[in-house]
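Inside the fold
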Amino acid sequence: MKEFKILAVIVALVGITYYGIEPYAHHVMHPEVAPADFTFKDLKNVDMSIKGNPENGKVLVEANCVACHSIESAGHPQVMPNADAAASYGVVPPDLSSAGWIYDKNYLANFIFDPVTAMHLQHKYTPESGKAFPMPAYNWMTPQEIMDIVSYFQGLAPKAKSGIASHKNTYEVACGRCHSMAYAGFEATTPSENIKAYMGATPPDLSQYIKSRGEHYLYSFINDPQVLLHGTSMPRTGLNQKAQEEVIAYMESIGDSKKAERENLGIWVMFYTLVFAILAYLWKRKIWSEVH
Amino acid sequence: MAEFKKADSMLEWFDQRLGVVNFAKVMMTEYWIPKNINFLWAMGVLLTVLFTFLVVSGIFLLMYYKPDVNMAFDSVNYTIMQEVAYGWLFRHIHAVGASVVFLVIYIHMFTGIYYGSYKKGREMIWVSGMLLFMLFSAEGFSGYMLPWGQMSYWAAYVITEIFGGIPVIGDELVVWIRGNFYVSDSTLTRFFMLHVLLIPLAIIGAIVFHFYALRFPHVNNEKGEFFDFDEEAEKYLAGNKKESKVVPFWPVFLSKDFFVLGFFMLFFFYLVFFHYNFAMDPVNFDKADGLKTPAHIYPEWYFLWSYEVLRGFFFEIAGVSGKDLGLMAFGFANAIFLVLPWLDRSPMVKPANQRPYFKYWFWFLMADLIVLTVYGKLPPTGANAWVGFASSMTFLTLFIALPFITKAEAKKVGGK
């Protein structure tokens, strides 16, 4: 009984200390932020109730988008190599094959209408800065036309719908123009000197971000970088929930590739240790019964 | 050459040459430990096992680790964690083990303080134990630098910078420790050497000395009772096992230790596999960058209390700068435990709760150390800075007051 009392005192002291230096300190240093918003409800320039016409959207896309963007899955190849594209625009323009699949519908419509506002980068592209985002705003289009374009993109079949191939594709499309992933052997498609000039600093390699930032942080951060890193030049990318989860899953599969092995082995090691502990207890009882 | 008769068994063969039978008696079956003990007396064996875990996992890590600023980070986080079969397991055991070893050291140490196991002949046990604490601290600090993450770099920067506060030689000393004007490749390689060679050798030596220091004064017991070990041992050997106040190290004492060890290992492996962030700070998974200071720099949890004493003094007092005062207090905090046997002037060897004044001192100290540890991690701004100052002052006051408190206690109990 007395030994349990001693154990309780130690558990209490260690528990208080642990609470202070881990959950509590973490809470002080990283206050909770607004939850991720996958409806992008601050964007209201395009009426979402309009039903788009994909055939008309196709015509509009071919007239307005393919001069800069490739759409591999619809037979529009890249106009020029990555290095030339980066030199021309600052950053390699994205291929739009997956746009309807990975970006939220409301975000995508509002992005076409006014990219800088959708990305939350008004602080970077101020009139005084002399900088202009490479893609113009299509705010002269009617809401119907924008919704036509959105419905066209949503009708394009993605390269992969699920699994690791889809995770990888989503990462490369959504993040890979700026961020390398060295541990996956992946280099950002925009050459490093271009992206450094374009962003103001080299975007970090994301190989270990699942460990250094953690899933919880990434979940808020990817949804809207300004919330956690106010003033950053990283845009809000407008990923829908599924695509964001795919990106995080991909980061985990590269940055913490042994997770499944770890958790599986952990159970066995603890089971083995429990057997040892029980046997040790029985042996101790036997030995001490002779001396007590 | 002595004449050897032909041995009848393998045991005899070895006994003739190495005296193994006598050796086993002296070390194991007739090494006497008091019977009146609780599970806190198992911490020494827990520490020995944890140290073995650290050595073995460290040897495996050493096969793939590269002590070079350009390669260290990836050799740990890619090669060891993802490429090498079960490399992650060795790293997790090593990192979590290094943190948990300090938890057990602190339990071991405060058990010693609580039961008064540092006086009346046991001074050298205490001093050698504190020497081990210092060596483990150096080992932990040097090891934390090796993955070359952001916290490795900045903790190394801040801690080596502390030596700059030493009068006259400070600036030169910092350069001498780092091997450069800033924390660099030369710093990493020398701390690598310290971590894998010099300090482990010193630790092994100090462990042997610590065990040896136990032999003459013997292990303390739950009541602080003094008795004749030889007499009690004779009783035990005569078969009066229940009556004797002692038990042999093997198998009786160790059977209890193995039982405690088993349940402790269950906790340890839970941490290793499922709950390791406390020992592997997320910030350290960003590669070291001398141009990018992290928002919060803090040492590992086991250094937080003394770190808080260091930064608790943040303003000038009587013309001495806060930085210098903090450094003096930090030096005091790290040295003062060593001389504890001479600060406690009371002859009582009893559990703290049976000592009229010491019990208050002990629990005050525990509370203060917890406050220091928690506030050592929090940002030192606003009210936090003042809590840090007050708890640092409390720490200093407790140790300055200890001789007076225990002297008064000695008077009250009248040499009992």
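What counts as what
- Residues numbered from 1 in each chain as written.
- Chains lettered and ligands numbered in written order.
- Predicted model: local features only at pLDDT ≥ 70, side-chain atom pairs only at ≥ 80, totals over all residues.
- Heavy atoms only, no water.
- UniProt positions renumbered as here; feature names shortened; annotations may be inferred.
- Contact = heavy atoms within 4.5 Å.
- Salt bridge = Lys/Arg side-chain N within 4 Å of Asp/Glu carboxyl O.
- Helix = DSSP H or I, 4+ residues; strand = E, 2+ residues; numbered from the N terminus.
- Nonpolar A, V, L, I, M, F, W, Y, C, P; charged D, E, K, R; others polar.
- Domains from an automatic or database assignment.
- Core = buried A, V, L, I, M, F, W, Y, C linked by side-chain atoms within 4.5 Å.
- Buried < 20%, exposed > 50% of the residue type's maximum accessible area, 1.4 Å probe, protein only.
- Polar contact = N/O pair within 3.5 Å; in protein donor to acceptor, adjacent residues only side chain to side chain.
- Expected span 1.5 Å × (residues − 1).
- Phe/Tyr/Trp six-rings, centres within 6.5 Å; stacked < 30°, edge-to-face > 60°.
- Lys NZ or Arg CZ within 6 Å of the ring centre and 35° of its normal.
- Axes fitted to C-alpha atoms, helices over the stretch in contact; angles between N-to-C directions.
- Parallel < 35°, antiparallel > 145°, perpendicular 65-115°, else oblique.
- Left-handed = near helix turned anticlockwise from the far one by under 90°.

As annotated in an unreviewed UniProt entry, chain B carries the name Cytochrome b and is attributed to Sulfuricurvum kujiense. Regarding chain B, the UniProt comment filed under Subcellular location (unreviewed entry) reads as follows: "Membrane".

Per an unreviewed UniProt entry, chain A carries the name Cytochrome C and comes from Sulfuricurvum kujiense.

Another aspect to go through is the interface of chain B and chain A. The interface is formed by 56 residues belonging to chain B together with 51 residues belonging to chain A. Taken together, the links from chain B to chain A amount to five salt bridges. Its salt-bridge partner being Lys 377 of chain B, residue Glu 22 of chain A comes within 3.3 Å of it at the nearest N-O pair. Contributions of two or more residues to the side of chain B that touches chain A are made by helix 4 (72–83), helix 5 (87–114), helix 11 (249–274) and helix 15 (358–377) of chain B. Counting residues per element, the side of chain B that touches chain A draws most heavily on helix 11 of chain B, at 15 residues. A class-by-class count of the residues in the side of chain B that touches chain A yields 39 nonpolar, nine polar and eight charged.

Okay, the domain arrangement of chain A next. Structurally, chain A comprises domain 1 (30–255) and domain 2 (266–292). The distance between the C-alpha centroids of domain 1 of chain A and domain 2 of chain A comes to 57 Å.

Membership of the largest hydrophobic core comes to 138 residues, with the highest contact counts inside it found for Phe 110, Ile 113, Phe 268, Phe 337 and Phe 395 of chain B. Residue contributions to this core peak at 17 residues, all from helix 5 of chain B. When near neighbours in sequence (up to four residues on either side) are disregarded, Phe 110 of chain B contacts Phe 337, Phe 362, Leu 365, Met 366 and Leu 369 of chain B. With 59 residues, the next largest nonpolar core counts Leu 96, Val 116, Leu 206 and Leu 239 of chain A among its residues.

A few words now on the pattern of salt bridges. Applying the stated criterion across every chain yields a total of 21 salt bridges over all chains. A salt bridge links Arg 236 of chain A to Asp 42 of chain A; the nearest nitrogen and oxygen atoms lie 3.1 Å apart. Here Arg 236 of chain A is found in the loop between helix 12 (225–228) and helix 13 (241–255), whereas its partner Asp 42 of chain A is found in the loop between helix 1 (2–29) and helix 2 (54–64), with 194 residues between them in sequence. The class of Arg 236 of chain A is buried, set by a relative accessible area of 3%. A salt bridge links Lys 259 of chain A to Glu 252 of chain A; the nearest nitrogen and oxygen atoms lie 3.4 Å apart. By relative accessible area, which is 25% here, Lys 259 of chain A ends up partly exposed. Three or more residues joined by partner-sharing salt bridges are found here, namely Lys 119, Asp 344, Arg 355 and Glu 409 of chain B.

Residue and element names in this part refer to chain A. Within the secondary structure, Ser 207 is located in the loop between helix 9 (192–199) and helix 10 (209–212). We classify Ser 207 as buried; its relative accessible area is 3%. At 3.0 Å, the side chain of Ser 207 and the backbone nitrogen of Ala 182 are in polar contact. Residues contacting Ser 207, with those up to four places away along its chain left out, are Met 181, Ala 182, Tyr 183, Ile 254 and Gly 255.

Each α-helix turn comprises 3.6 residues. Residues three or four places apart therefore point the same way. With 31 residues, helix 14 (residues 259–289) of chain A should reach 45 Å at 1.5 Å per residue; the first-to-last C-alpha distance of 44 Å fits that figure. The complete set of buried residues in helix 14 of chain A reads Arg 262, Gly 266, Val 269, Met 270, Thr 273, Ala 277, Ala 280, Lys 284, Ile 287 and Trp 288 of chain A. Structurally, helix 14 of chain A contributes buried residues whose contacts are with helix 10 of chain A together with helix 5 and helix 11 of chain B.

Look at the link from Trp 250 of chain B to Pro 251 of chain B: it is a cis peptide, with omega at 0 degrees. Take Pro 251 of chain B: it is sitting in helix 11. A positive phi angle, near 50 degrees, is found at Phe 40 of chain A, a position not held by glycine. Mapped onto the secondary structure, Phe 40 of chain A falls in the loop between helix 1 and helix 2. Phi is positive for Val 168 of chain B, close to 65 degrees, though the residue is something other than glycine. Tracing the sequence through the fold places Val 168 of chain B in the loop between helix 7 (150–162) and helix 8 (170–178). When its relative accessible area of 81% is taken as the criterion, Val 168 of chain B is described as exposed.

On to the packing of aromatic side chains. Evaluation of the coordinates by the stated rule reveals 68 aromatic pairs over all chains. Aromatic side chains Phe 51 of chain B and Phe 136 of chain B sit 5.8 Å apart centroid to centroid with 70 degrees between the ring planes, which places their arrangement in the edge-to-face category. With Phe 51 of chain B in helix 3 (residues 43–62) and Phe 136 of chain B in helix 6 (residues 123–145), the pair connects residues that are 85 residues apart, well separated along the chain. An identical accessibility class is assigned to Phe 51 of chain B and Phe 136 of chain B; each is buried. Between Phe 313 of chain B and Phe 389 of chain B the ring centres are 5.7 Å apart and the planes differ by 85 degrees, which places this aromatic pair in the edge-to-face class. Within this pair, whereas Phe 313 of chain B is found in the loop between helix 12 (304–312) and helix 13 (322–336), its partner Phe 389 of chain B is found in helix 16 (residues 383–413), the two being separated by 76 residues in sequence. Judged by relative accessible area, Phe 313 of chain B falls into the buried class, the value being 8%. The class of Phe 389 of chain B is buried, set by a relative accessible area of 16%. For the cation-ring pair, Lys 124 of chain A lies above Tyr 198 of chain A, with the distance from its terminal atom to the ring centre recorded as 4.7 Å. Sitting over the ring of Trp 13 of chain B, Arg 17 of chain B keeps its end group 4.0 Å from the ring centre.

Okay, the UniProt feature "transmembrane region" (unreviewed entry) in chain A next. Here, the residues flagged by UniProt with the feature "transmembrane region" (unreviewed entry) are residues 265–283 of chain A. Segment residues 265–283 of chain A splits into 100% helix and 0% strand. End C-alpha atoms: 27 Å apart.

Let us now look at the packing of helix 8 (residues 163–174) of chain A against helix 13 of chain A. Residue and element names in this part refer to chain A. Where helix 8 contacts helix 13, the two axes come as close as 8 Å, and the packing angle between them is 105 degrees. Taken together, the axes of helix 8 and helix 13 lie roughly perpendicular to each other. Seen from helix 8, the contacting residues are Ile 164, Ser 166, His 167, Lys 168, Thr 170 and Tyr 171; seen from helix 13, they are Ala 243, Glu 246, Val 247, Ala 249, Tyr 250, Met 251 and Ser 253. Split into classes, the residues belonging to the contact of helix 8 with helix 13 amount to seven nonpolar, four polar and two charged.

Attention now moves to the packing of helix 13 of chain B against helix 16 of chain B. Residue and element names in this part refer to chain B. At a minimum axis separation of 11 Å, helix 13 and helix 16 run at an interaxial angle of 50 degrees. With respect to helix 16, the axis of helix 13 lies oblique. Considering only the axes of helix 13 and helix 16, their crossing is left-handed. Of helix 16, the residues touching helix 13 (which contributes Ala 329, Phe 332, Ala 333 and Ile 336) are Phe 395, Leu 396, Phe 399 and Ile 400. The class makeup of the residues in the contact of helix 13 with helix 16 is eight nonpolar, no polar and no charged.

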